[in-house]
Amino acid sequence: MQLAEKVVIIDYGSQVTQLIARRVREAGVYSEIHPCTTPLEQLRALKPNALILSGGPCSVSEDGAPQLDPGLVELGLPILGICYGMQLLAKELGGQVERAKEREYGRAHLAIATACPLWEGLPEAPTQTVWMSHGDHVLAPPPGFEVIASTEKVHVAAMADLGRSIYAVQFHPEVAHTEHGEQILHNFLFKVAKLKGKWTMGSFIETCVAEMQAKIGETGQVVCGLSGGIDSTVAALLLHRAIGKRLHCIFVDNGLLRAGEREEVIGFLTAHFDLNLHTVDAQDLFLGKLAGVTDPEQKRKIIGYTFIEVFEREAKAISNVEFLAQGTLYPDVIESVSFRGPSAVIKSHHNVGGLPDRMQLKLVEPLRELFKDEVRKVAAQLGLPDFIIWRHPFPGPGLAIRVIGEITAERLEILRQADAIVQQELHASDWYRKMWQGFAVLLPVKSVGVMGDDRTYEHVCALRLVESVDAMTADWARVPPEILARMSNRIINEVKGVNRVVLDISSKPPATIEWE
Ligand code: XMP
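Fair warning: this is a prediction, and the values are worked out from it, not measured in the lab.

**Looking at the pattern of salt bridges**
Next, step 1: Per the stated rule, a full pass over the model turns up 28 salt bridges.
Next, step 2: Of the charged contacts in the structure, one is a salt bridge between Glu309 and Lys289, with a shortest N-O distance of 2.9 Å. Of the two residues, Glu309 is situated in helix 10 (residues 296-316) and Lys289 in helix 9 (residues 283-290); the sequence distance between them amounts to 20 residues.
Next, step 3: Three or more residues are tied together by salt bridges with common partners; here these are Arg258, Glu261, Glu264 and Arg391.

**What to know about the UniProt feature "binding site: ATP" (unreviewed entry) in the chain**
Next, step 1: When the UniProt feature table is mapped onto this chain, "binding site: ATP" (unreviewed entry) is found at Ser227, Gly228, Gly229, Ile230, Asp231, Ser232 and Thr233.
Next, step 2: Checked against the element boundaries, Ile230 lands in helix 7 (residues 230-243).
Next, step 3: For Ile230, a relative accessible area of 6% translates into the label buried.
Next, step 4: In contact with Ile230, other than residues within four places in its own chain, are Lys372, Val375, Arg376, Ala379, Ile388 and Ile389.

**Considering the side chain of Glu312**
Next, step 1: The residue Glu312 is located in helix 10 in this model.
Next, step 2: By relative accessible area, which is 9% here, Glu312 ends up buried.
Next, step 3: Dropping the residues within four chain positions of it, Glu312 is found in contact with Leu355, Arg358 and Met359.

**Some remarks on the sheet that holds strand 12 (residues 221-225)**
Next, step 1: The strand order across the open sheet formed by five strands is 14-13-12-15-16, and the pairing between neighbours is parallel. Only two strands of the sheet have a single neighbouring strand rather than two, namely strand 14 (277-281) and strand 16 (362-364). Going from strand to strand, the sheet's axes swing by 30° on average, the running direction of each strand aside.
Next, step 2: Pairing of strand 12 with strand 13 (residues 247-253), which is carried by four bridges, proceeds in the parallel orientation. Within strand 13, the residue paired with Val222 across the bridge is Leu247.
Next, step 3: The strands that helix 6 (residues 201-216) touches are strand 12, strand 15 (321-325) and strand 16; relative to strand 16, the one it contacts most, it runs at about 170°.

**Brief notes about the site of the ligand**
Next, step 1: Close contacts around the ligand come from 13 residues, with Arg300, Gln437, Lys508, Ile513 and Glu514 the closest.
Next, step 2: The contact in question runs from an oxygen atom of the ligand to an N or O atom on the side chain of Glu514, over 2.6 Å.
Next, step 3: Summarising the interface, the protein chains cover 84% of the accessible area of the ligand, which totals 490 Å² for the free molecule.
Next, step 4: Mapped onto the domain boundaries, the shell around the ligand takes at least three residues apiece from domain 2 (224-389) and domain 3 (402-503).

**Some words on the domain arrangement of the chain**
Next, step 1: Domain boundaries in the chain define domain 1 (7-192), domain 2 (224-389) and domain 3 (402-503).
Next, step 2: Using C-alpha coordinates to define each centre, domain 1 is positioned 49 Å away from domain 3.

**As for the pairing of strand 3 (residues 50-53)**
Next, step 1: Here strand 3 shows a buried face lined by Ala50 and Ile52 and a second buried face lined by Leu51 and Leu53.
Next, step 2: Here strand 1 (residues 7-11) pairs with strand 3 via four bridges, running parallel. Pairing of Ile10 across the sheet is with Leu53, part of strand 3.
Next, step 3: Bridge count for strand 3 against strand 4 (residues 79-82) is three bridges, and the pairing is parallel. Paired with Ile52 across the two strands is Leu80, which belongs to strand 4.

**Regarding the UniProt feature "active site" (unreviewed entry) in the chain**
Next, step 1: When the UniProt feature table is mapped onto this chain numbering, "active site" (unreviewed entry) sits at Cys83, His172 and Glu174. Spatially, the listed residues are clustered: although they cover 92 residues, their C-alpha atoms lie within 11.3 Å of one another.
Next, step 2: Among the structural elements, Cys83 can be located in the loop between strand 4 and helix 4 (84-92).
Next, step 3: Cys83 sits in the buried class, given a relative accessible area of 4%.
Next, step 4: Cys83 has contacts with Gly55, Ser133, His134, Val169, Gln170, Phe171 and His172, leaving out every residue within four places of it along the chain.
Next, step 5: Inspection of the secondary structure puts Glu174 in the loop between strand 11 (166-169) and helix 5 (181-192).

**Details of the environment of Val175**
Next, step 1: With respect to the element layout, Val175 can be found in the loop between strand 11 and helix 5.
Next, step 2: Each C-alpha atom of the pair Val175 and Trp131 lies 7.4 Å from the other, and the pair is 44 residues apart in sequence.
Next, step 3: Excluding its chain neighbours within four sequence positions, the residues that come into contact with Val175 are Val16, Leu19 and Trp131.

Reading the values: the criteria
Residues numbered from 1 in each chain as written. Predicted model: local features only at pLDDT ≥ 70, side-chain atom pairs only at ≥ 80, totals over all residues. Heavy atoms only, no water. Salt bridge = Lys/Arg side-chain N within 4 Å of Asp/Glu carboxyl O. Helix = DSSP H or I, 4+ residues; strand = E, 2+ residues; numbered from the N terminus. UniProt positions renumbered as here; feature names shortened; annotations may be inferred. Buried < 20%, exposed > 50% of the residue type's maximum accessible area, 1.4 Å probe, protein only. Contact = heavy atoms within 4.5 Å. Pairing = 2+ DSSP bridges. Axes fitted to C-alpha atoms, helices over the stretch in contact; angles between N-to-C directions. Near = heavy atom within 4 Å. Polar contact = N/O pair within 3.5 Å; in protein donor to acceptor, adjacent residues only side chain to side chain. Areas by Shrake-Rupley, 256 points an atom, 1.4 Å probe, with all protein chains shown as cover. Domains from an automatic or database assignment.

In structure tokens form, the structure reads like this:
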């Protein structure tokens with residue numbers, strides 16, 4: 001992306017590299033992460049204003065450990081090395097790095113040795129708490145560098161070549177446990193690198209729209225699958241702003257949606273934005289193909305293929321389509337470019353796999369530089385209401401993977417009604433916003449109950465209410481018993497066919513969020 005100011009973060013494999021990028025962006029400076037294997041020429045072409053070298057799990061003296069291209073320092077840019085980044089600078093520029101006998105992990109107390117721009121505005125306290133996680137440490141700084149801070153265990157806890165604006169810290173300023181980490185990063189950006197910090201979501205929208213216009217050209221037509229989720233909605237609205245009616249949104253009603261889903265999101269978009277929207281009623285097609293299928297993977301495959309079939313047919317009906325829009329986010333992009341290789345978890349369900357190649361479409365991904373919280377900010381700037389911005393994620397295969405066992409129109413309807421009650425009760429308290437996801441699951445068992453004088457033999461519903469930050473791990477939400485009681489009473493009283501409600505108290509791992 002062509003922006004006035006950009007910080008490039010070179011990733012040496014730290015678990016918290018993404019946090020550095022987020023902190024820099026929160027400070028109002030656009031930042032990008034690139035793996036440490038990126039050739040120098042490619043990095044130079046990015047025209048960064050400053051560089052940050054991340055931490056990493058290796059030891060600089062280890063065989064095969066990532067090294068520092070001296071050309072990077074010769075670019076003459078302000079540099080901040082963090083942890084492994086510091087050890088690399090020390091090693092490459094002629095300092096001495098010692099391989100530690102044991103790793104130092106946790107809090108340490110940093111005493112400032114030299115006043116310098118990196119410490120500006122920090123309190124005068126004798127020491128401040130910083131977070132350490134390192135094996136090696138710098139024994140002697142390279143020529144031209146001075147020690148600017150020490151801890152009880154490490155003499156060279158921070159060093160700087162003030163003349164060349166190269167700074168390095170052994171601790172992690174990007175993590176919340178480092179008391180003044182944010183101030184230190186701000187100082188690097190604004191006092192050392194002298195950036196202005198004008199990156200906002202408003203400026204993102206302008207730049208993104210201009211970039212999409214340039215990429216798609218004067219006549220290009222784009223298709224975009226709208227799911228009702230925030231990512232595809234925001235991607236569509238950005239493209240709509242860029243190319244208007246040349247964006248063709250396709251919403252497939254597969255019969256597996258929650259109560260009100262289609263009316264709420266699609267209704268809102270139709271009422272407030274002049275989108276070119278094709279809604280496809282494909283309930284019968286999907287339910288027909290799913291009839292009698294109980295295996296979860298089989299369900300997902302059938303839904304995936306059928307979606308592609310429907311989407312392709314609709315897209316082909318639009319003449320001259322050249323591009324397919326997708327709501328890919330930055331974490332997915334970094335995951336696939338990390339020098340450690342793509343993570344084992346591949347969310348193939350997030351895109352219409354295979355479609356771009358099969359239809360010979362080029363991809364446009366307006367959100368590929370954003371984190372989820374930034375997408376929410378863009379959504380707000382674009383005028384989307386909270387109920388769309390804070391909507392819980394909903395899986396592509398929809399209720400099919402929450403109706404355990406066979407999927408029939410009747411069982412879907414029972415689940416839809418029970419789930420609507422869960423949604424209403426969560427919204428009525430502040431739990432909806434506090435939770436990652438909350439929903440009902442219909443189990444493939446019946447149980448005995450009593451209603452008046454009659455014995456009943458009816459369906460069982462499970463409540464799945466979870467807290468999570470990224471869906472990689474999750475725990476069951478400790479929702480107050482009164483709310484659970486209301487959900488249970490209402491489901492049993494109002495949903496015909498359910499006489500028992502149970503609560504799922506499993507964490508992920510080892511369970512997953514969805515049941516199938
Ligand atoms: P699990 O069940 O793996 O889910 O813990 C993690 C997150 O991913 C969502 N999910 C899906 N999303 N298509 C999607 O778009 C899918 O096939 C799918 N399966 C799970 C799930 O709702 C949770 O947020």
